[in-house]
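One letter stands for each residue in the lines below.
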Amino acid sequence: SRCHDFPNQRKDTTVSTGETRDVVAGYVAALRRGDLDALRASFTPKATWTIRGDMPVAGTWTGPAEILDGFLARVTATLDRQAPVTQDLHRIIADGDYAVAEWTSHARARSGAPYDNDYAVVFHVADGLIDAVTEYCDTSYMKRVLFEQ
């Protein structure tokens, strides 16, 4: 038994480390391309995305619509749409049905301030889809640069 089981996790589903890594790599590739359809298709219907902190997007978002049209849309609305948004993927470490992707995001806030933040994102994969995500980054920096402009 794991110490931090995700509430959506189906106990009867076994996913290989290779499959988990491939699913997460596909998600990150779609993110880097800005492919919202592929991102939407990568989640289970009841997938959760959790980010802690005291910024407006903190909390748990449930389902692809909330994750992409709520959480991600609110974050991207803080960015300068004329500037590129990129992610430098450093590594994906997978073990069974869990994987951690580490990347650095680069963007520019609407205020013109550069936004460069490091992320470690924990994914749980079930039946070839992302079932739960917990995002870790410098949320104080994120709040200051993106949400207090």
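Data block above holds the structure.
In short, a report on the structure. (Residues numbered from 1 in each chain as written. Predicted model: local features only at pLDDT ≥ 70, side-chain atom pairs only at ≥ 80, totals over all residues. Heavy atoms only, no water.)

**Some words on unusual backbone geometry**
Backbone geometry at aspartate 127 places phi at a positive 50°, although glycine is not the residue there. Residue placement: aspartate 127 occurs in the loop between strand E5 (114-126) and strand E6 (129-137). Aspartate 127 gets classed as partly exposed once you look at its relative accessible area, which sits at 48%. (Helix = DSSP H or I, 4+ residues; strand = E, 2+ residues; numbered from the N terminus. Buried < 20%, exposed > 50% of the residue type's maximum accessible area, 1.4 Å probe, protein only.)

**What to know about the environment of tryptophan 61**
Tracing the sequence through the fold places tryptophan 61 in strand E2 (residues 59-62). With twelve residues separating them in the primary sequence, tryptophan 61 and tryptophan 49 have C-alpha atoms 5.1 Å apart. Excluding its chain neighbours within four sequence positions, the residues that come into contact with tryptophan 61 are Ala47, Thr48, Trp49, Glu66, Ile67, Gly70, Phe71 and Arg74. Within the local environment of tryptophan 61, its side chain forms a polar contact with the backbone oxygen of valine 57, the two atoms lying 2.9 Å apart. (Contact = heavy atoms within 4.5 Å. Polar contact = N/O pair within 3.5 Å; in protein donor to acceptor, adjacent residues only side chain to side chain.)

**Focus: the layout of surface pockets**
Estimated volume of the largest pocket: approximately 580 Å³. Surrounding the largest pocket, 30 residues form its lining, Leu31, Leu72, Thr76, Val85 and Gln87 being those nearest its centre. Of all elements in the fold, only helix H1 (17-33), helix H2 (36-41), helix H3 (63-76), strand E4 (98-108), E5 and helix H4 (139-147) reach the threshold of two or more residues within the lining of the largest pocket. Take the lining of the largest pocket: its biggest share by element is six residues, from H3. (1 Å grid on protein atoms, 1.4 Å probe; cavity = no way out; pocket = protein on both sides within 12 Å on 5 of 7 lines; lining within 4 Å. Points joined across faces, edges and corners; volume = space filled by probe spheres on them.)

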